[in-house]
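Next come the chains, spelled out residue by residue.
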Amino acid sequence: MIPILDLKRQYKTIEDKVKDMLQEIVESQSFVLGKEVEKIEENISRYCGTKFAVGVASGTDALILSLAAMGIGKGDEVITTPFTFTATAEAIVHAGAKPVFVDIDPKTYNINPALIEKKITKRTKAILPVHLYGLCADMDPILKIREKHGLKVLEDCAQAIGSKYKGRATGSMGDGGAISFYPGKNLGCFGDGGMVVTNDKKIYDNMRLLRNHGSDKRYYHKAIGYNSRLDNLQAAILNIKLSHLDGWIENRIKIAEFFTKELKNFPIQTPYTPPDYKHSFHLYVLRTSPAVEIINYLAAKGIESRTYYPVSLHLQECFNFLGYKRGDFPESEKLSQGSFAIPIYPELTLKEKTYIVDTIKQFLNKTFTTLKIKNENHFFIR
Ligand SMILES: *Cc1c(COP(=O)(O)O)cnc(C)c1O
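Conventions adopted
- Residues numbered from 1 in each chain as written.
- Predicted model: local features only at pLDDT ≥ 70, side-chain atom pairs only at ≥ 80, totals over all residues.
- Heavy atoms only, no water.
- Near = heavy atom within 4 Å.
- Polar contact = N/O pair within 3.5 Å; in protein donor to acceptor, adjacent residues only side chain to side chain.
- Areas by Shrake-Rupley, 256 points an atom, 1.4 Å probe, with all protein chains shown as cover.
- Helix = DSSP H or I, 4+ residues; strand = E, 2+ residues; numbered from the N terminus.
- Nonpolar A, V, L, I, M, F, W, Y, C, P; charged D, E, K, R; others polar.
- Buried < 20%, exposed > 50% of the residue type's maximum accessible area, 1.4 Å probe, protein only.
- Pairing = 2+ DSSP bridges.
- 1 Å grid on protein atoms, 1.4 Å probe; cavity = no way out; pocket = protein on both sides within 12 Å on 5 of 7 lines; lining within 4 Å.
- Points joined across faces, edges and corners; volume = space filled by probe spheres on them.
- Core = buried A, V, L, I, M, F, W, Y, C linked by side-chain atoms within 4.5 Å.
- Contact = heavy atoms within 4.5 Å.
- Axes fitted to C-alpha atoms, helices over the stretch in contact; angles between N-to-C directions.
- Parallel < 35°, antiparallel > 145°, perpendicular 65-115°, else oblique.
- Left-handed = near helix turned anticlockwise from the far one by under 90°.
- Expected span 1.5 Å × (residues − 1).

Asks: Sorry, what's going on with the site of the ligand here?
Replies: If you check the shell around the ligand, you find 16 residues, and the closest are G59, T60, Q159, S180 and K185. At a separation of 2.5 Å, an oxygen atom of the ligand approaches a polar side-chain atom of T60. Q159 is positioned with one of its side-chain polar atoms (N or O) 2.8 Å from an oxygen atom of the ligand. When the ligand sits alone it has 380 Å² of accessible area, and the protein chains cover 93% of it. Going through the elements one at a time, α3 (59–69) and α4 (87–94) are the ones with two or more residues in the shell around the ligand. Here the shell around the ligand takes 3 residues from α3, the largest share from any one element. Split by residue class, the shell around the ligand holds 6 nonpolar, 8 polar and 2 charged.

Asks: Could you clarify how one ought to interpret the pairing of strand β14 (residues 339–342) in this entry?
Replies: Two faces, one strand: in a regular strand the side chains alternate between the faces of the sheet. What you see with β14 is no split at all: S339 and A341 on one side and F340 and I342 on the other are buried throughout. Looking at chain direction, strand β13 (residues 284–287) and β14 are connected through 4 bridges and run antiparallel. Across the sheet, R287 pairs through a bridge with S339, a residue of β14.

Asks: Which parts of the structure should I look at to understand the sheet that holds strand β7 (residues 168–169)?
Replies: Within a sheet, neighbouring strands are paired by backbone hydrogen bonds and run either parallel or antiparallel to one another. Taken in spatial order, the 3 strands make up an open sheet running β7-β6-β12, and their pairing is antiparallel. Only two strands of the sheet have a single neighbouring strand rather than two, namely β7 and β12 (277–278). Pairing between strand β6 (residues 164–165) and β12: 2 bridges, direction antiparallel. Counted as the bridge partner of Y165 is Y277 from β12.

Asks: What is the right way to read empty space enclosed by the protein from this model?
Replies: Rolling a probe over the atoms, with the probe sized like a water molecule, indicates the empty space that remains. Applying the stated criterion across every chain yields a total of 2 cavities of 30 Å³ or more. Forming the boundary of the largest cavity are 13 residues, of which T108, Y109, Y133, P271 and H279 lie nearest the centre. Looking at side-chain class alone, the lining of the largest cavity contains 10 nonpolar, 2 polar and 1 charged residues. Lining the second largest cavity, in full, are L5, D6, L7, Q10, G184, K185, N186, R252, Y345, P346 and E347. Looking at the lining of the second largest cavity residue by residue, the classes come out as 4 nonpolar, 3 polar and 4 charged.

Asks: I'm lost on the nonpolar core in this one. Help?
Replies: Grouped burial of nonpolar side chains is what soluble globular proteins tend to show. Ranked by size, the top nonpolar core spans 48 residues in total, and within it I44, I179, F259, I268, F340, I342 and I360 carry the most contacts. Elements that contribute at least two residues to this core include exactly α2 (35–48), β9 (194–198), α7 (232–262), β13, α8 (292–300), β14 and α10 (350–367). Of all the elements, α7 adds the most residues to this core, at 10 residues. Beyond its immediate sequence surroundings of up to four residues, I268 is in contact with L263, L286, R287, T288, I294, F340, I360 and L364. Within the second largest apolar cluster, 25 residues are counted, among which are V56, A62, A126 and A178.

Asks: Looking at this structure, how should I read the packing of α2 against α7?
Replies: Helix packing geometry: the angle between the two helix axes and the distance between the axes. In contact at an axis separation of 7 Å, α2 and α7 are set at 25° when each is read in the N-to-C sense. Between α2 and α7, the interaxial angle falls into the category roughly parallel. Here α2 and α7 pass one another in a crossing that is left-handed. For the pair α2 and α7, contact is made by K35, E36, V37, K39, I40, N43, I44 and Y47 and by N232, A235, A236, L238, N239, L242, L245, D246 and I249, respectively.

Asks: Honestly, α10 in this entry has me stumped. Any pointers?
Replies: Owing to its 3.6 residues per turn, the α-helix brings residues three or four apart onto one side. Taking 1.5 Å per residue as the helical rise, α10 with its 18 residues ought to reach 26 Å, and the 26 Å between its terminal C-alpha atoms agrees with that figure. Looking at α10, one finds that the buried residues are E352, K353, I356, V357, T359, I360, K361, F363 and L364.

Asks: What am I meant to see in the sheet that holds strand β5 (residues 152–156) here?
Replies: What the 7 strands build is an open sheet, ordered β1-β9-β8-β5-β4-β2-β3; its pairing is mixed. The outermost strands of the open sheet, each flanked by one partner alone, are β1 (52–56) and β3 (98–101). If you compare each strand with its neighbour and ignore which way they point, the axes differ by 25° on average. Strand direction decides the pairing type here: β1 and β9, joined by 5 bridges, are antiparallel. Residue pairing across strands places V56 opposite G194, the latter belonging to β9.

The quantities given are spatial measurements derived from coordinates; they are silent on function.
In structure tokens:
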């Protein structure tokens, strides 16, 4: 079985360093915040090209706390995409604000900037683009709207540390960026962890207070805060892994290029990377409708694949209260039914990669009679 993700393989490559480090930290008995946390904050802010970084307990908390640190709360609206993990919109609700969805671009799967301005009201305070699967949202038009309407922009970088947009790193383009270190992300720790990067000193100061019970001096509390700190152990693991991250991403890109080249003449849509974007391929997502048959076929052949995400957020039970209905975001709905991710972790062997594409080709050859009408390099499926 080729699992969708196999973290044991990655662990093997860093095992010795991790064991030494664990020993050291356990002996120091310094667990909450601490010197490894300061070090990873420095390292990540340098990596992202921002002035500041604040470690928190998860990517979800990074979103919630940075919205709060930007002063967003009750009565405010935040514009985001319905095609993302639930945490993006959940965080807006936890911050006290209302998520307002805007449909995605059918090529990049990210929020469609051309549809944003129609949704701006007097209550709109921020835009929360998600860099989905490791591909940056189209930030220039979003930043233009930010200027024009005096909004904040918070980047959801949970899936996109190491990605670039026209030379700029994720998290450095908006007012802040929220990163997740959930184990399955491209840079994952051994449990939950997250970070906010920003160039804004005020957001940074607020974040520092909020993550630690509103306190910057022991037992003196300026604000109602949270208990949302990064553990020293998690930070130490991240410091070890960060030095491997760019190499891992390069491998992911190479695997993606292999898949895309192999599937080029087959009736299935491979991921699109616009010019001057660096995709970090957290996920390699193929588009075909419906996706369920090929997912089952691959499973029967020992390859795990999965739809991220099978339900657009506006149709999730938990967001019923927002009053959306089927048909409101057609691109997002279509994609949720007709896409699936295949394994793309950097440790995949050549044999596995080849087996994965060969099995996909087998399915496509069996299932479709292709009518190859060549039109701008697209094949139409009958
Ligand atoms: C993983 C993820 C989050 C949440 O991060 P956690 O660390 O799991 O809390 C938020 N947004 C997106 C797009 C994610 O993929």
